[in-house]
Amino acid sequence: MRIDIITVQPQLLEGPFSHSIMKRAQDKGLLEVHVHDLRPYGTGKYKQIDDYAFGGGAGMVMQMEPLVTLTEELQAERTYDEIIYLTPDGEQLAQSRCNGLSLRQNLLMVCGHYKGIDQRYRDHFVTLEISIGDYVLSGGELAAAVLVDSLGRLLPGVLGDETSALTDSFQDGLLAPPVYTRPKSYRGWEVPDILLSGHEAKIEQWRYDQAMERTKTRRPDLLED
Ligand code: 6GU
């Protein structure tokens, strides 16, 4: 999978993909992330990329020209399966969407800043709008990082068996059950006996029951359909 990201804050996207699992995914050639600074595509002496909103009101709006120039430069090199705009008024990201997107080859992500981007770019270039939750971030970069991470870890070969994405919370529609590691007893706090029993079927049943119980109390909405 190749992911291109358009941003006015490329520094914000330097860290997240340079470590741990995202780094391994790239080292193995399974994931390529290319961050593109929008600023050089700005117009005039000051490389302007934003302007006042028509109709007035506080906040600047990212202009068409720089975004379109960079987008079309990238599109000349490859066809994107989706052009994703990260925005708090987009579709709320869920695991089902991550699973689907992880099967695509080329994704272009566009990070907004200020009051957002000119609606005409959304109308004519963007194919999917994603939010990562009901709260407002100062820009789309951290949301893009979340999306890239959630996709990268689903690519075949990125996670080993021991960290398989199949046992994640949400992957089967339930929250994950509790987990424990050594020591068996810590300050008198004990690991549940069943996990030490060696009885695989009973352990599986216990985990399922725990996952169901957690989901019922914490996220009953997940059980609704
Ligand atoms: Cl994608 N962008 C911004 N700026 N804020 C957000 C968001 C995205 N998702 C949740 N809040």
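So, here's what we can say about the structure. Everything numeric in this text was worked out from a predicted model, so none of it was measured.

Let's shift gears to the sheet that holds strand β5 (residues 82-92). Strand order in the open sheet made by the five strands is β2-β1-β6-β5-β7, with parallel pairing throughout. Of all strands in the sheet, those with a lone pairing partner are β2 (32-37) and β7 (128-131), marking the two edges. Averaged over all neighbouring strand pairs, the angle between strand axes comes to 30°, with direction disregarded. Relative to β2, strand β1 (residues 2-7) runs parallel, the two being bridged by six bridges. Paired with D4 across the bridge in β2 is H34. In the packing of helix α5 (residues 141-152) onto the sheet, contacts are made with β1, β2, β5 and β6 (106-111), and the angle to β6 comes to roughly 160°.

Turning to the pairing of β1, a few remarks are in order. Here β1 lies mainly inside the structure; six of its six residues are buried. On β1, burial covers both faces: R2, D4 and I6 on one face and I3, I5 and T7 on the other are all buried. The pairing of β1 with β6 spans five bridges and is classified as parallel. Bridge assignment links D4 to a residue of β6, and that residue is L108.

So, about the pattern of salt bridges. Applying the stated criterion across every chain yields a total of 13 salt bridges. Across the pair D4 and R2 runs a salt bridge, and its minimum N-O distance is 2.9 Å. You'll find D4 and R2 in the same group, each marked buried. One salt bridge in this structure joins R122 and D89, with 3.0 Å as the shortest N-O distance. Of this pair, R122 sits in helix α4 (residues 119-124) while D89 is found in strand β5, placing the two residues 33 residues apart along the sequence. By relative accessible area, which is 52% here, D89 ends up exposed.

Here we take up the site of the ligand. Taken together, L86, T87, P88, I130, S131, I132, G133, Y135, V136, L137, G139 and A143 make up the full set of residues near the ligand. One of the side-chain N or O atoms of S131 is found 3.4 Å from a nitrogen atom in the ligand. L137 places a polar main-chain atom, nitrogen or oxygen, 3.0 Å from a nitrogen atom of the ligand. For the ligand, whose free accessible area comes to 290 Å², the fraction covered by protein is 96%. Residue assignment for the shell around the ligand shows that the elements contributing at least two residues are β5 and β7. Its residues assigned to classes, the shell around the ligand shows eight nonpolar, four polar and no charged.

Reading the values: rules and limits
Residues numbered from 1 in each chain as written. Predicted model: local features only at pLDDT ≥ 70, side-chain atom pairs only at ≥ 80, totals over all residues. Heavy atoms only, no water. Pairing = 2+ DSSP bridges. Helix = DSSP H or I, 4+ residues; strand = E, 2+ residues; numbered from the N terminus. Axes fitted to C-alpha atoms, helices over the stretch in contact; angles between N-to-C directions. Contact = heavy atoms within 4.5 Å. Buried < 20%, exposed > 50% of the residue type's maximum accessible area, 1.4 Å probe, protein only. Salt bridge = Lys/Arg side-chain N within 4 Å of Asp/Glu carboxyl O. Near = heavy atom within 4 Å. Polar contact = N/O pair within 3.5 Å; in protein donor to acceptor, adjacent residues only side chain to side chain. Areas by Shrake-Rupley, 256 points an atom, 1.4 Å probe, with all protein chains shown as cover. Nonpolar A, V, L, I, M, F, W, Y, C, P; charged D, E, K, R; others polar.

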